[in-house]
Structures are given as structure tokens and as C-alpha cells.
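Coordinate inspection notes
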Amino acid sequence: MDAVKVGLLGLGTVGGGTATVLIRNADEIKARLGRGIEICHVAGLDIASQTIVDPATTKLTEDAFEVVNDPEVEIVVELIGGYTLAKDLVMKAIENGKHVVTANKALIATHGPEIMKAATEQGVSVCYEAAVAGGIPIIKAMREGLAANKIQWIAGIINGTGNFILTEMRDKGRDFADVLREAQELGYAEADPTFDVEGIDAAHKLTILASLAFGIELQFEKTYTEGISKITTEDVNHAEELGYRIKHLGITRKTDKGIELRVHPTLIPEKRLIANVDGVMNAVLVQGDAVGPTLYYGAGAGAEPTASAVVADIIDTVRTIDAPLHHKVPLLGFQSNAMRDTPVLPIEDVETAYYLRMEAEDKPGVLAEVSETFAKHSISIEAVLQKEPASGESSVHLIMLTQKCVESSVNHAIKVVEGLDSVKGEVVRIRMEHLD
Ligand code: HSE
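Residues numbered from 1 in each chain as written. Predicted model: local features only at pLDDT ≥ 70, side-chain atom pairs only at ≥ 80, totals over all residues. Heavy atoms only, no water.

What follows deals with the domain arrangement of the chain. The domains assigned to the chain are domain 1 (4-135 + 303-338), domain 2 (147-298) and domain 3 (347-432). Using only C-alpha atoms to locate each centre, domain 1 and domain 2 end up separated by 27 Å. In total, domain 1 and domain 2 occlude about 1400 Å² of area from one another, counting both sides; carbon and sulfur atoms represent 72% of this. Remark: the boundary between domain 1 and domain 2 carries two salt bridges. (Domains from an automatic or database assignment. Buried area = accessible area lost by both parts, 1.4 Å probe. Salt bridge = Lys/Arg side-chain N within 4 Å of Asp/Glu carboxyl O.)

Another point: empty space enclosed by the protein. Scanning all chains against the criterion turns up one cavity of 30 Å³ or more. Looking at the largest cavity, its volume works out to about 60 Å³. The wall of the largest cavity is formed by Leu166, Arg170, Val236, Ala239, Glu240, Tyr244, Arg245 and Ile246. Counting only elements with at least two residues in the lining of the largest cavity, the list comes to helix H7 (160-172), helix H11 (233-241) and strand E9 (244-254). (1 Å grid on protein atoms, 1.4 Å probe; cavity = no way out; pocket = protein on both sides within 12 Å on 5 of 7 lines; lining within 4 Å. Points joined across faces, edges and corners; volume = space filled by probe spheres on them. Helix = DSSP H or I, 4+ residues; strand = E, 2+ residues; numbered from the N terminus.)

Where helix H4 (residues 84-95) contacts helix H5 (residues 105-122), the two axes come as close as 9 Å, and the packing angle between them is 10°. Between H4 and H5, the angle is such that the two are roughly parallel. By crossing handedness, the relation of H4 to H5 is classed as right-handed. Between H4 and H5, the contacting residues are Ala86, Lys87, Val90, Met91, Ile94 and Glu95 on the first element and Leu107, His111, Glu114, Ile115, Ala118, Ala119 and Gln122 on the second. (Axes fitted to C-alpha atoms, helices over the stretch in contact; angles between N-to-C directions. Parallel < 35°, antiparallel > 145°, perpendicular 65-115°, else oblique. Left-handed = near helix turned anticlockwise from the far one by under 90°. Contact = heavy atoms within 4.5 Å.)

The next subject is the site of the ligand. Close to the ligand lie Lys105, Asn159, Gly160, Thr161, Tyr188, Ala189, Glu190, Asp196, Asp201, Lys205, Gly300 and Ala301, which account for all nearby residues. Take Tyr188: an N or O atom from its main chain is 2.7 Å from a nitrogen atom of the ligand. Across the complex, the protein chains shield 93% of the 260 Å² of accessible surface that the ligand would expose by itself. Among the detected pockets, the ligand sits in the largest pocket. (Near = heavy atom within 4 Å. Polar contact = N/O pair within 3.5 Å; in protein donor to acceptor, adjacent residues only side chain to side chain. Areas by Shrake-Rupley, 256 points an atom, 1.4 Å probe, with all protein chains shown as cover. Sits in = over half its atoms within 2 Å of the grid points.)

With that out of the way, let us pick up the packing of H5 against helix H10 (residues 200-214). Relative placement of two packed helices is described by the angle separating their axes and the distance separating the axes. Interhelical geometry of H5 versus H10 gives an angle of 55° and a closest axis separation of 8 Å. Between H5 and H10, the angle is such that the two are oblique. Along this stretch, H5 crosses H10, giving a crossing that reads as left-handed. Residue-level contacts link Lys105, Ala106, Ile108, Ala109 and Thr110 of H5 to Asp201, His204, Lys205, Thr207 and Ile208 of H10. The residue inventory of the contact of H5 with H10, partitioned by class, reads four nonpolar, three polar and three charged. (Nonpolar A, V, L, I, M, F, W, Y, C, P; charged D, E, K, R; others polar.)

Once that is clear, we can look at the environment of Arg24. Locating Arg24 in the fold gives a position in helix H1 (residues 13-24). A C-alpha to C-alpha distance of 34 Å links Arg24 and Ala203, two positions 179 residues apart in sequence. There is a polar contact of 2.8 Å between the side chain of Arg24 and the side chain of Glu304.

Counting 57 residues, the largest nonpolar core has Ile94, Tyr128, Ile138, Met142, Ile208 and Val286 as the members making the most contacts within it. The residue makeup of this core includes at least three contributed by each of domain 1 (4-135 + 303-338) and domain 2 (147-298). Here Tyr128 is in contact with Thr102, Ile108, Met116, Ile139, Arg143, Ile208, Leu212, Asp313, Leu331 and Leu332, once residues within four sequence places are set aside. Counting 29 residues, the second largest nonpolar core, distinct from the first, contains Val6, Leu33, Ile39 and Val311. (Core = buried A, V, L, I, M, F, W, Y, C linked by side-chain atoms within 4.5 Å. Buried < 20%, exposed > 50% of the residue type's maximum accessible area, 1.4 Å probe, protein only.)

So, on to the layout of surface pockets. By volume, the largest pocket is sized at about 1000 Å³. Lining the largest pocket we find 47 residues, and of these Val14, Leu79, Ile80, Gly81 and Glu190 sit closest to its centre. Looking at the lining of the largest pocket, the element that brings in the most residues is H10, giving three residues. Each residue belonging to the lining of the largest pocket can be placed in one class, and the counts come to 21 nonpolar, 18 polar and eight charged. Looking at which domains feed residues into the lining of the largest pocket, each of domain 1 (4-135 + 303-338) and domain 2 (147-298) gives three or more. Reported here for the second largest pocket is a volume of approximately 610 Å³. Contributing to the lining of the second largest pocket are 28 residues, with Lys328, Val329, Pro330, Leu331 and Leu332 lying nearest its centre.

Listed in full, the buried residues belonging to H11 are Asp235, Val236, His238 and Ala239. Viewed end-on, H11 has its buried residues packed into an arc of 165°, placing them on one side of the element. A positive phi of about 90° marks Gly243, the residue just after H11. (Arc of directions from axis to C-beta.)

Let us look at the pairing of strand E7 (residues 151-157). Both faces of the sheet carry side chains from a regular strand, because those side chains alternate between them. In terms of residue burial, E7 counts as a mostly covered element, since six of its seven residues are buried. With six bridges connecting them, E7 and strand E11 (residues 281-288) associate as antiparallel partners. The residue of E11 that forms the bridge with Ile157 is Ala283. Judged from the four bridges that link them, E7 and E9 form a sheet pairing that is antiparallel. Note on E9: the bridge partner recorded for Trp153 is Arg253. (Pairing = 2+ DSSP bridges.)

What the rule picks out here adds up to one aromatic pair. Centroid distance Phe164 to Tyr188: 5.9 Å. Interplanar angle 85°. Geometry classified as edge-to-face. Pair noted here: Phe164 is in helix H7 and Tyr188 is in the loop between helix H8 (176-185) and helix H9 (194-197), with a separation of 24 residues, a long-range link. An identical accessibility class is assigned to Phe164 and Tyr188; each is buried. (Phe/Tyr/Trp six-rings, centres within 6.5 Å; stacked < 30°, edge-to-face > 60°.)

Now the structure itself:
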């Protein structure tokens, strides 16, 4: 059989990695697929100076529309990222009847419904394995391997840059900005690194996972998003003392009231496997009603790990390239006429446990006053840690772990505690999950 012809949009970190893997592993891929994959046309910035593909056999351009309009190209691989240009290119490729592979989580999370509708009408596929957790085949696991299950919840470390920063801060006491710079140099961080540290990138990925898990539409705008930029070494150390680690988690859970969809720093027991996922590695813990907990681990960013997922999508696309869409796995794992309108819960309605830290006067009755306030709001305290005042200071640090309670109750209780004469400044609050 003739080689299938692909067009690559972007030859940066992921595009370069994808071309490298396709060329280096061409024999292995052909042996698995039964036909070769030819990089037929590539668009990239400063394309004349690239050294990865052979200009004698591959057309090169700086105009990505030349690739999506090239009649020879059967599969368009979008690796430029961003929303606007990427969306226009993907929509044009679909209009031209080409299958699409993309690593673009922002694009899928925000424009996915429109893209998938157009793809369904055209009878072409849109694959996005690399959009979530880099090299981990989590989309395939969710859509196929776990298809028998009712998914109950997912908790994932789904941003490599954030995990790298938290790990280096904890293990080496390194400065936030210094670690972020290294993540950028290594090609892990987004073009705008606030996407990593403020949780937007993780929220894009969680939006996709929730849709695959529960058969709901992609609803990025309803995902509660809180970053790691306010996490201090002090809280990292107190958490360790109490037997927890702080991880930046994406959590989605189906409850009787609706679906939780939230990204925030989270204390998790240090004995959980996922608490020990460090550096740029990602991990996704999925709880299914039949299978129980399953954990998927691997590199969440970087050129070749991400390319591994992109190339797997190209291979999958080629395997069923001539099949009608109803013979393929549905784009979001559920049949489009079986999607559900289960509501996404506002963060105020979410139930979780909390780590609370406050500075209080070191005098009798303060602890009782604070505990009483929480009790009045039906919040049970599970553990209390009191740190002695530093020499010359009169206030202590009180750290409290609560049992599960509703976020709105905690908000009210914190406001009252912050108003007490014996408590100084703001109460630090980090959510806590036992993941059992
Ligand atoms: N910036 C992302 C991360 C890249 O750090 O995980 C992979 O999506």
C-alpha cells in the first residue's frame, strides 16, 4: 500500500519531535501499520533553516494554509498551538475533507464542539491524544480501555511545568522564577507560562477528561481554576509534617448534585502513589465503578513524549482512514446523541476537606474561639498543629485540617475567623483530598 501523506503545521518543540520520531521509527511504524507515513508538506517559522526533514522529498512553506489546501495531504497535524490561527487552519482542513490530529488542548477545550460538529458533518476524524498529559495514552484509556465503566472521579497531575516547579521548590528549596525559567528552556512551559502556573493549561486538559468521563459537553468556562503561584515553602513544610504533599491537581467527580470540575493546589496523603509523582511527570488517577482505581503515569510534556502521542494518533487515523465515522470510536467517547446535560457544580457547592493556616495571638482561649467558629458552621476539625512563636514574636501559627464540608460554609467561617481580634491577617486555605 502507498504511504499515507501527512502535512505538519509547526516544526517547533512538538512538531520537531513528531517529525524526528516519524523519521527515526519509520520501519517500526510501518511494521505495525502495514503502510508507511510520509511527511509530505511542512509549515513552520524560518522553515528554510530547519534540518529535520529532507527538503528534497518534503515540501516546505511558511504559509500553513498551503498545507491544509494541499490536495496530496490526507492528514493535517496541527502543532502550532494557540486558538485563532490554529482554529482557522483546523476548520479549513476539515472543510477540505482532511483528517486532523492535534496536540492543542486550548483549541479542543474551547472550540471543540464547533470543530467536532464540522468533522462529523464532513465524515473526518479529529484526534487529540497529545492534548492531555503529553505521552500518557489517557484519551485512549478513557475512550476505549475503560469503556465498560461508569467513571466516578478523576484526579490528575496534568501540568508538567507546575509539577516540576513544586517538586524543585520542595526538594531543593529553589526559587519559583528560577525553576520556571528552566522549564521554559526545556520546552515544557506554554508560550505564556501563566497558563501553566495559574492552572489554565490544566483546566483545558481537565475539561477534556471530564467530557470523556461523564459524556458532558466541553465546558472550559465552568472549570474552577486556581494556580500554584501563592504556594509557600512554609505550607509545603507544614503539609509534610502532617503526612501530606501539595500537588496541583485537576479533579472531576460525579456527585448526586452534579459534576465537580476544579483545578487547584491540593494536599494529598504522601502514601498515595500519585503523591510521589515528581518533576515534569504527569499522572492521572481514574476511578471506575467496575475496575476500581487505575493510575496512568508518564512524561506530560517535552518534544518526544508528546510526539509519541501525536504519532499514535496518526497511526490510529490511518488504520480506519476509509471507514465511515460510525465505525470509529466517537470523538468524545460517547455517541453525540447520548451526551448528557448533567450540571457542573459551582465551586461554592463542592465538598472537600481543607488545610487552614492562620496567625493567632498566643493566649488562652484562642484555639477554643477558632474551633467554636468552625463548629458553628458545621465544620469538624480533624487535626490541629500549633507552631510555637519565633523568638521575639507573640503570635503562633495554627494549622487545622478539617473534615469534608461544603466550600460555602468554609468561606463563611473563614470570614468570621478573620474578623476575630485574636487572629491576624488572612487565613490561608488549601483544599485537601484523600483520594481513597
Ligand atoms: N505546558 C504543558 C505542561 C505542556 O507543562 O504540562 C504539555 O501540555
